[in-house]
Amino acid sequence: MTADVSTGAQHQPDPATYACGACTLPWPCAPARDYLIATTPDHVQLAMRMWDELERAARALADRHPADLFDRFLRWTER
């Protein structure tokens, strides 16, 4: 995790593309992940939060394979 996770709050998804609005990488980018981990310390709550994001993103990213979306939004939450 980076030393200053507060900058991760600026890394929010663009709802139309699910690219990060701050760095344009696929969201959740590394700063966003660090921020999400720091602000959602309970592993189950983090996974549930990211499942909600996956559901929203699946509509915007309908052309993506479900396994790719799972990896992008949920796999990294495993500790």
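Our structure's up above, just so we're on the same page.
Numbers given to residues run from 1 along each chain, matching the order in which its sequence is written. Local features are withheld for residues below a pLDDT of 70 in this predicted model, meaning they are given only at 70 or higher, and side-chain atom pairs are given and counted only at 80 or more; totals for whole chains, interfaces and linings count all residues. By convention in this description, side-chain values take in all heavy atoms of the structure and omit both hydrogens and water.

Caption draft 1: Summary view of the overall build of the chain. When you go through the chain residue by residue, the secondary structure sums to three helices and zero strands. Strands are runs of DSSP state E lasting at least 2 residues, helices are runs of H or I lasting at least 4, and numbering of each runs from the N terminus. Each helix (α) and strand (β) of the chain, taken in turn from the N terminus, gives the series α-α-α. For the chain, the C-alpha atoms occupy an extent of roughly 35 × 25 × 15 Å along the three principal directions. Only protein chains enter the accessibility calculation, which uses a 1.4 Å probe. A residue is then buried if its area is under 20% of the maximum for its type, exposed if over 50%, and partly exposed in between. When the 79 residues of the chain are sorted by exposure, 32% land in the buried category. For this analysis, residues touch if any pair of their heavy atoms sits within 4.5 Å. Long-range contacts, defined here as pairs at least 24 residues apart, represent 50% of the contacts in the chain between residues at least 6 apart. Here the Shrake-Rupley method, with its probe set to 1.4 Å, supplies the accessible areas, and only the displayed protein chains count as covering residues. Surface accessibility of the chain: about 4900 Å² in total, with carbon and sulfur atoms responsible for 57%. The charge count includes Lys and Arg as positive and Asp and Glu as negative, but it does not include His or the ends of the chains. Every charge is mapped onto a representative atom, which is NZ of Lys, CZ of Arg, CG of Asp or CD of Glu. In the chain, 8 positive and 11 negative side-chain charges are present, and the distance between their average locations comes to 1 Å.

Caption draft 2: Structural detail: the environment of Glu 53. Here Glu 53 lies in helix α2 (residues 43–60). Overall, the relative accessible area of 14% leaves Glu 53 in the buried class. Linking Glu 53 and His 11, residues 42 residues apart in sequence, is a C-alpha distance of 14 Å. With residues up to four places along the chain from it excluded, the contact list for Glu 53 reads Pro 13, Tyr 18, Trp 27 and Phe 73.

Caption draft 3: Here's a closer look at the pattern of salt bridges. A side-chain nitrogen of Lys or Arg and a carboxyl oxygen of Asp or Glu constitute a salt bridge if their distance falls within 4 Å. Enumeration over the complete set of coordinates arrives at four salt bridges. Measuring nitrogen to oxygen at the nearest pair gives 3.1 Å for the salt bridge that ties Glu 53 to Arg 56. Of this pair, Glu 53 and Arg 56 both sit in helix α2, separated by three residues, roughly a single helical turn. Note that Asp 63 is salt-bridged to Arg 64, the shortest N-O span being 4.0 Å. Assessed through its relative accessible area of 40%, Arg 64 is described here as partly exposed. Here the residues in one salt-bridge network are Asp 71, Arg 75 and Glu 78, joined through shared partners.

Caption draft 4: Representation of the nonpolar core within the structure. For our purposes a nonpolar core is just a set of buried Ala, Val, Leu, Ile, Met, Phe, Trp, Tyr and Cys residues, chained together by side-chain atoms within 4.5 Å. With 15 residues, the main nonpolar core has Tyr 18, Trp 27, Leu 36, Met 50 and Phe 73 as its most contacted residues. Broken down by element, this core gets its largest block of residues, four residues, from α2. The contacts of Leu 36, once residues within four sequence positions are left out, are Trp 27, Pro 28, Leu 46, Arg 49, Met 50 and Trp 76.

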